[in-house]
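Chain residues, written in single-letter form:
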Amino acid sequence: DIQMTQSPSSMSVSLGDTVTITCRASQDVGIYVNWFQQKPGKSPRRMIYRATNLADGVPSRFSGSRSGSDYSLTISSLESEDVADYHCLQYDEYPRTFGGGTKLELK
Amino acid sequence: EVQLVETGGGLVQPGRSLKLSCVASGFTFNNYWMSWTRQAPGKGLEWVASITNSGGSTYYPDSVKGRFTISRDNAQNTLYLQMNSLRSEDTATYYCTRDGHTMGMDYWGQGVMVTVSS
């Protein structure tokens, strides 16, 4: 099975920060990575598809990138509404596997 | 507007069965693969099952293979998850998701809670 190792597991952030979360894939997953945002008590919301593409309605301060087997989600100029949990997913092959999640908390 | 509405959750004893349903609307259901994903309380996300648009093929992780069965009724725009031999570690919120072809899990339902406890 492909492991998606997500880091950090939590991060203390300030409004206006640039935040980067990374998932490292244990095998090649190509471009088939999603990033999701999840707020307490809510369903995950897809933010990024095909590693670098912004989903509809997602603010442009979010971006996805890839460097080899490392996939990153970057939030520029963090706003209060961005404080949430974030998850990566590889959907290149079965079993689908998620990263362990990253919790953003305000300082 | 795409909507996925799950029902069927609840409290069930270990070893018993439960069947979840997900009614889809706002898109052509039989054009899309569908999946179930779960989240144990305070934990991360875990993919549980997927099914092709025709229902002809299904996929499961080892953790549920042989116990869970995903199915669909394209005439009723409904996705199902039959869960047998339930264990305490199956306690989670279960989400119905649409597989947007090469775009991954693009829509999620609101989730339904399943609690396995005696």
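Look a little higher up for the structure.
Residues numbered from 1 in each chain as written. Chains lettered and ligands numbered in written order. Predicted model: local features only at pLDDT ≥ 70, side-chain atom pairs only at ≥ 80, totals over all residues. Heavy atoms only, no water.

Details of the overall build of chain A
Scanning chain A for helices and strands turns up zero helices and eleven strands. With the principal axes as the frame, chain A shows a C-alpha extent of 35 × 25 × 25 Å. Across chain A, every contact between residues at least 6 apart in sequence was considered, and the portion connecting residues at least 24 apart equals 55%. For chain A, the accessible area works out to roughly 4900 Å², and carbon and sulfur atoms hold 42% of it. Between the averaged position of the 11 positive side-chain charges in chain A and that of its 12 negative side-chain charges there is a distance of 4 Å. (Helix = DSSP H or I, 4+ residues; strand = E, 2+ residues; numbered from the N terminus. Contact = heavy atoms within 4.5 Å. Areas by Shrake-Rupley, 256 points an atom, 1.4 Å probe, with all protein chains shown as cover. Lys, Arg positive; Asp, Glu negative; His and termini not counted. Charge placed at Lys NZ, Arg CZ, Asp CG, Glu CD.)

Considering the side chain of Gln39 of chain B
Among the structural elements, Gln39 of chain B can be located in strand E4 (residues 33-39). Its relative accessible area of 13% is what places Gln39 of chain B among the buried residues. Engagement of the side chain of Gln39 of chain B in a polar contact is seen with the side chain of Gln38 of chain A, the distance being 2.8 Å. If we skip the residues at most four places from it in the chain, Gln39 of chain B touches Gln38 and His87 of chain A together with Gly44, Leu45, Ala92, Thr93 and Tyr95 of chain B. (Buried < 20%, exposed > 50% of the residue type's maximum accessible area, 1.4 Å probe, protein only. Polar contact = N/O pair within 3.5 Å; in protein donor to acceptor, adjacent residues only side chain to side chain.)

Observations regarding the packing of aromatic side chains
Scanning the entire structure with this criterion turns up ten aromatic pairs over all chains. The interplanar angle of 40 degrees and the centroid separation of 6.4 Å between the aromatic rings of Phe62 of chain A and Tyr86 of chain A together place this pair among those described as tilted. Taken together, the positions of Phe62 of chain A in strand E7 (residues 62-67) and Tyr86 of chain A in strand E9 (residues 85-90) put the pair 24 residues apart, joining distant regions of the chain. The two residues Phe62 of chain A and Tyr86 of chain A agree in class, both being buried. For the ring pair Phe27 of chain B and Tyr32 of chain B, a centre distance of 5.4 Å and an interplane angle of 90 degrees mean the geometry is edge-to-face. In this structure Tyr32 of chain B comes out as buried when scored by relative accessible area, which is 17%. Here the aromatic cluster, defined as three or more aromatic residues joined through ring pairs, consists of Phe36 and Phe98 of chain A together with Tyr95 and Trp108 of chain B. The ring of Phe29 of chain B has Arg72 of chain B lying over it, and the distance from NZ or CZ to the ring centre is 4.2 Å. The cationic tip of Arg98 of chain B hangs over the ring face of Tyr32 of chain B; the distance from NZ or CZ to the ring centre is 3.9 Å. (Phe/Tyr/Trp six-rings, centres within 6.5 Å; stacked < 30°, edge-to-face > 60°. Lys NZ or Arg CZ within 6 Å of the ring centre and 35° of its normal.)

Digging into the sheet that holds E7 of chain A
Residues and elements named next belong to chain A. The four strands lie next to each other as E1-E3-E8-E7, forming an open sheet whose pairing is antiparallel. Where the open sheet ends on each side, the last strands, each with one partner, are strand E1 (4-7) and E7. Taken pair by pair, the neighbouring strands of this sheet meet at an average axis angle of 20 degrees, ignoring direction. Here E7 pairs with strand E8 (residues 70-75) via six bridges, running antiparallel. Each bridged residue has a counterpart across the sheet, and for Ser63 the counterpart in E8 is Thr74. (Pairing = 2+ DSSP bridges. Axes fitted to C-alpha atoms, helices over the stretch in contact; angles between N-to-C directions.)

A look at the state of the cysteines
Across all of its chains, the model carries two disulfides over all chains by this definition. Between Cys23 of chain A and Cys88 of chain A runs a disulfide, and the two sulfur atoms are separated by 1.9 Å. The sign of the S-S torsion, about -90 degrees, decides the handedness of the disulfide formed by Cys23 of chain A and Cys88 of chain A: left-handed. Of the two residues, Cys23 of chain A is situated in strand E3 (residues 19-25) and Cys88 of chain A in strand E9; the sequence distance between them amounts to 65 residues. Taking relative accessible area as the criterion, Cys23 of chain A reaches 0% and is therefore assigned buried. Between the sulfur atoms of Cys22 of chain B and its disulfide mate Cys96 of chain B the distance is 2.1 Å. Handedness here is read from the sign of the S-S torsion; for Cys22 of chain B and Cys96 of chain B, about -70 degrees, the answer is left-handed. Here Cys22 of chain B, found in strand E3 (residues 18-25), pairs with Cys96 of chain B, found in strand E9 (residues 92-99); they are 74 residues apart in sequence, far enough to count as distant. Pair check on accessibility: Cys22 of chain B and Cys96 of chain B agree, each one buried. (Disulfide = S-S within 2.5 Å.)

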